[in-house]
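A structural walkthrough
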Amino acid sequence: MSAAEQRLEDILNNDIWDVDPNPHITVDSEKCKNCNTKPCIRLCPAGCYTMSEKTLVFSYEGCVECGTCRVVCPLEAIHWEFPKSGRGIYFRFS
Amino acid sequence: MAEIPNKFDVIVIGAGPAGSASAYYLATKGFKVLMLERGRSPGSKNVFGGRVYVAPLREIFSDFEKTAPIHRWVTRERMSFMYGNELVSLDYEGNDHKSFTTYLSQLVAWMALKAETAGVSIVNDITVTGLLKEGNKVIGIKSGNESVKADVVIDAEGVNRLVLESAGTVPPLKPSNVALGVKEVVKVNPEVLANEFGLGDGEGMAWSLMGDVTSGLPGGGFIYTNKDSVSIGLVMLLDNAISGANDEVYRYVERLKAHPKLNKYFKDSRIMEYSAHLIPEDVWSLRPPKLAYDGLLIAGDAAGFLLNLGYTYRGVDFAAYSGYLAGKAIEQAHELGGMSAINLAAYPKLLDQSFIMKNLKRFNGTNKLMHNRRLFTAYPAMMVSLMKRIYSLDYESQKIFNTVLASAKENGVGPFTLISDGIEVIRYL
Ligand SMILES: Cc1cc2nc3c(=O)[nH]c(=O)nc-3n(C[C@H](O)[C@H](O)[C@H](O)COP(=O)(O)OP(=O)(O)OC[C@H]3O[C@@H](n4cnc5c(N)ncnc54)[C@H](O)[C@@H]3O)c2cc1C
Ligand code: SF4
Ligand code: SF4
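None of the values given here were measured: they were computed from a predicted structure. (Residues numbered from 1 in each chain as written. Chains lettered and ligands numbered in written order. Predicted model: local features only at pLDDT ≥ 70, side-chain atom pairs only at ≥ 80, totals over all residues. Heavy atoms only, no water.)

1. Describing the overall build of chain A
For chain A, the count of helices and strands is four helices and six strands. Along chain A, helices (α) and strands (β) appear in the sequence α-β-β-α-α-β-β-α-β-β when read from the amino end. Taken over the C-alpha atoms alone, chain A extends approximately 40 × 40 × 20 Å along its principal axes. Residues counted as buried form 48% of the 94 residues belonging to chain A. A fraction of 69% describes how many contacts in chain A between residues 6 or more apart in sequence connect residues 24 or more apart. Carbon and sulfur atoms provide 49% of the accessible area of chain A, an area that totals close to 4800 Å². Side chains of chain A carry 10 positive and 13 negative charges; the gap between the two charge centres is 5 Å. (Helix = DSSP H or I, 4+ residues; strand = E, 2+ residues; numbered from the N terminus. Buried < 20%, exposed > 50% of the residue type's maximum accessible area, 1.4 Å probe, protein only. Contact = heavy atoms within 4.5 Å. Areas by Shrake-Rupley, 256 points an atom, 1.4 Å probe, with all protein chains shown as cover. Lys, Arg positive; Asp, Glu negative; His and termini not counted. Charge placed at Lys NZ, Arg CZ, Asp CG, Glu CD.)

As structure tokens, this is what we get:
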């Protein structure tokens, strides 16, 4: 493993989460239909926002809780909270 | 929170550098302090680049160096300007122990333990969801349906200040307020640290990178050497990234590691952790209307105390020191008879007299400078082409002055732009 770029999945595999059964972030994908730029897709460092067919799909499980999507979403489609009860990402070396 | 007594002298929201330093100071002065952290343990939600300036921490924790998790003292500083497969570097080799590398997760765990040992009650797994108020006065905090009271609350929740937003104290974050940092910590062979980075035992390197590492977006890359690992990452101003990032952000870090001139530092490396976090950028617009309210003080990133000079970040020492000053202000207000905004006004005064506000005022134009895209596109390219013209010769040598103008022209920078940008850099940095 050196020069080759790794896939995000493999990179994220090195992290630890205690995933909250209740999503701490929810997205109103109806609003996303009117979003031309969709900055969340490129800027979410954990790749939580993807396109499937023509709809935006969001999965919260790999979220690293940076807050970027909350700030860049132009249409207020995102309801964003921190995970409850110590759940979510657990950083050890960051 | 059932088992917690329901009244404290002080409640601290967030066990980061700001919260832990304030809690520690107040506990040593005999205050009954409760510190609430949303993570499973202090440090588990904290992310930074890699280097901390030691002087402010030494003032707060007198025996800092004895037990703190210091990985390496930064004895080597490097700044590189990148363009394509080439780079130009400035390298400084010193001997001083002014800053060190570490993992913030470890440093915060250490600071919180100091606070706990001094008598602070720390409760993890608690996300504070709001401030408890009586009229305009803050009298405690809420977490879901539960609440705890205190004479005064220190808000040290960091840059994603959901508590202050929900209380209406600050407006929601805007993309122009913040930058996104994305980072990998990678395990490297000890020989790489010795041979490629050229570091002796305990010696560390802080390396900043500018140029097309961010595809010319304002921001830059960073590399820090830890004990047996390397932190590598990128920072991008979010407003520029929205329109300009043409790829998924994680790929920029991977590409940096794979760069033909950098990959030797990462051969046989293994990713230990991947993380991302926002960074206060436009610190003056992030600043809350006031820093001291009736029953409330705001410290650290939540107050926008961070200095970004392009080649270095100072957030951890600023946060810790602002927490420490919040502690001192509470001590003074206690002597004056209560936690009213008037009695707590010592806090902004102490900040004004400290290195925090002096630095932020001295460098108040850097944010404007960071938005000058030429610094991240044309100039790194120009530095590379300049060096190439000077050093990469077949027969004829070039005069340096002519070479500067020629490489400026080659990169679309006219002589007047060159001069005015030069003046800007000198003025703001
Ligand atoms: C990529 C990157 C690189 C950086 N590089 C450097 C560097 O090299 N050197 C440097 O000095 N600084 C650097 N910084 C800045 C530095 O990390 C911050 O300035 C510093 O961590 C701020 O400390 P803080 O205590 O204010 O906030 P934080 O470190 O963010 O801590 C806030 C704490 O509050 C907790 N919390 C938040 N909300 C709640 C809630 N509602 N309830 C309970 N708990 C809550 C969080 O879990 C966290 O533990 C960097 C930052 C980033 C993102
Ligand atoms: S930025 Fe907001 S509105 Fe646009 S696609 Fe993403 S979540 Fe939807
Ligand atoms: S908070 Fe960060 S990691 Fe989580 S979904 Fe939003 S952008 Fe992605």
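What follows picks up the thread again.
2. Topic: the site of ligand 3
Residues and elements named next belong to chain A. Near ligand 3 you find 15 residues, and of these C44, C63, C66, G67 and C69 are the closest. Here ligand 3 is seated within the second largest cavity. Among the residues forming the shell around ligand 3, the class breakdown is 12 nonpolar, two polar and one charged. (Near = heavy atom within 4 Å. 1 Å grid on protein atoms, 1.4 Å probe; cavity = no way out; pocket = protein on both sides within 12 Å on 5 of 7 lines; lining within 4 Å. Sits in = over half its atoms within 2 Å of the grid points. Nonpolar A, V, L, I, M, F, W, Y, C, P; charged D, E, K, R; others polar.)

3. Observations regarding the site of ligand 1
Close to ligand 1 lie 37 residues, the nearest being E37, G49, R51, V128 and D301 of chain B. This site is not confined to one chain, since residues near ligand 1 come from chains A and B. V128 of chain B places a main-chain nitrogen or oxygen 2.8 Å from a nitrogen atom of ligand 1. Here a nitrogen atom of ligand 1 and a backbone polar atom of Y313 of chain B are 3.4 Å apart. Considered on its own, ligand 1 offers 1000 Å² of accessible surface; in the complex 98% of this is hidden by protein. (Polar contact = N/O pair within 3.5 Å; in protein donor to acceptor, adjacent residues only side chain to side chain.)

4. Considerations on the confidence of the model for chain B
Considering every residue of chain B, the mean pLDDT works out to 93; 99% of them sit at 70 or more. In the predicted assembly, ipTM is 0.96 and pTM is 0.95. (pLDDT = per-residue confidence, 0-100.)

5. Quick word on the nonpolar core
Residues and elements named next belong to chain B. Counting 87 residues, the largest nonpolar core has F64, F305, I330 and Y347 as its most contacted members. The greatest single-element share of this core, amounting to 11 residues, is contributed by helix α10 (residues 316–336). Discounting residues that sit within four places of it in the chain, F305 has contacts with L291, I298, G300, R314, G315, F318, S322, Y347, L351, I356, M357 and L360. Counting 67 residues, the second largest nonpolar core, distinct from the first, contains L180, V192, I232 and V253. (Core = buried A, V, L, I, M, F, W, Y, C linked by side-chain atoms within 4.5 Å.)

6. Focus: the packing of aromatic side chains
Aromatic ring pairs are defined here through the distance separating the ring centres and the angle between the ring planes. All names here are of chain B. Under the criterion given, the structure shown has 17 aromatic pairs over all chains. Where F64 meets F100, the ring centres are 5.7 Å apart and the plane angle is 45 degrees; that geometry is what we call tilted. Of the two residues, F64 sits in helix α3 (residues 64–67) while F100 sits in strand β6 (residues 99–101), which places them 36 residues apart along the sequence. Residue F64 is classed as buried on the basis of its relative accessible area of 0%. On the basis of relative accessible area, F100 is assigned to the buried category, the value being 0%. Measuring from ring centre to ring centre gives 4.9 Å for Y321 and F355, while their planes differ by 65 degrees; the resulting arrangement is edge-to-face. Of this pair, Y321 sits in helix α10 while F355 sits in helix α12 (residues 355–362), placing them 34 residues apart in sequence. Using a relative accessible area of 9% as the deciding quantity, one classes Y321 as buried. In textbook terms, an aromatic cluster arises when at least three aromatic residues are bridged by ring pairs, as seen for Y24, F61, F64, W73, F100 and W110. Just above the ring of F8 sits the side chain of K32; from NZ or CZ to the centre is 5.4 Å. (Phe/Tyr/Trp six-rings, centres within 6.5 Å; stacked < 30°, edge-to-face > 60°. Lys NZ or Arg CZ within 6 Å of the ring centre and 35° of its normal.)

7. What to know about the layout of surface pockets
Roughly 830 Å³ of internal volume is contained in the second largest pocket. Contributing to the lining of the second largest pocket are 42 residues, with M79, F81, M210, Y311 and L429 of chain B lying nearest its centre. (Points joined across faces, edges and corners; volume = space filled by probe spheres on them.)

8. Quick look at the interface of chain A and chain B
Across the boundary between the two partners, chain A contributes 42 residues, which contact 56 residues of chain B. Taken together, the two surfaces of chain A and chain B that pack against each other cover about 4100 Å², and 55% of this comes from carbon and sulfur. When the area that chain A buries against chain B is broken down by residue, the three leading residues are R42, F93 and S94 of chain A, summing to 17%. Where chain A touches chain B, the interface holds six salt bridges. For the salt bridge of R92 of chain A with E273 of chain B, the shortest nitrogen-to-oxygen distance reads 3.2 Å. At the surface where chain A touches chain B, the tally comes to 26 residue pairs in polar contact (both at pLDDT 80 or more). Only α1 (8–12), α3 (39–43), α4 (68–72) and β6 (88–89) of chain A provide two or more residues apiece to the side of chain A that touches chain B. When the residues that make up the side of chain A that touches chain B are grouped by side-chain class, the tally is 22 nonpolar, nine polar and 11 charged. (Buried area = accessible area lost by both parts, 1.4 Å probe. Salt bridge = Lys/Arg side-chain N within 4 Å of Asp/Glu carboxyl O.)

9. Focus on helix α16 (residues 415–428) of chain B
Residue pairs three or four apart in sequence face the same way in an α-helix, which turns once every 3.6 residues. Residue and element names in this part refer to chain B. In this model, α16 (14 residues) spans 20 Å end to end at C-alpha, consistent with the 20 Å of a helix rising 1.5 Å per residue. Turning to α16, its buried residues number three or more, namely L418, D421, E424 and Y428. Across the axial projection of α16, the buried residues extend over an arc of 130 degrees, all falling on one side. Exposed side chains of α16 directed beyond 90 degrees from the buried face belong to P415, F416, I419, I426 and R427. Among the structural elements, α13 (366–370), α14 (378–391) and α15 (400–410) are those in contact with the buried residues of α16. (Expected span 1.5 Å × (residues − 1). Arc of directions from axis to C-beta.)

10. Section: the packing of α14 of chain B against α15 of chain B
Residue and element names in this part refer to chain B. At a closest axis distance of 9 Å, the pairing of α14 and α15 adopts a crossing angle of 140 degrees. Regarding the angle of α14 to α15, the classification is oblique. As α14 packs across α15, the resulting crossing turns out to be right-handed. Where α14 approaches α15, its residues M382, S385, L386, R389 and I390 are matched on the opposing element by I400, T403, V404, A406, S407, A408 and E410. A per-class count over the contact of α14 with α15 returns seven nonpolar, three polar and two charged. (Axes fitted to C-alpha atoms, helices over the stretch in contact; angles between N-to-C directions. Parallel < 35°, antiparallel > 145°, perpendicular 65-115°, else oblique. Left-handed = near helix turned anticlockwise from the far one by under 90°.)

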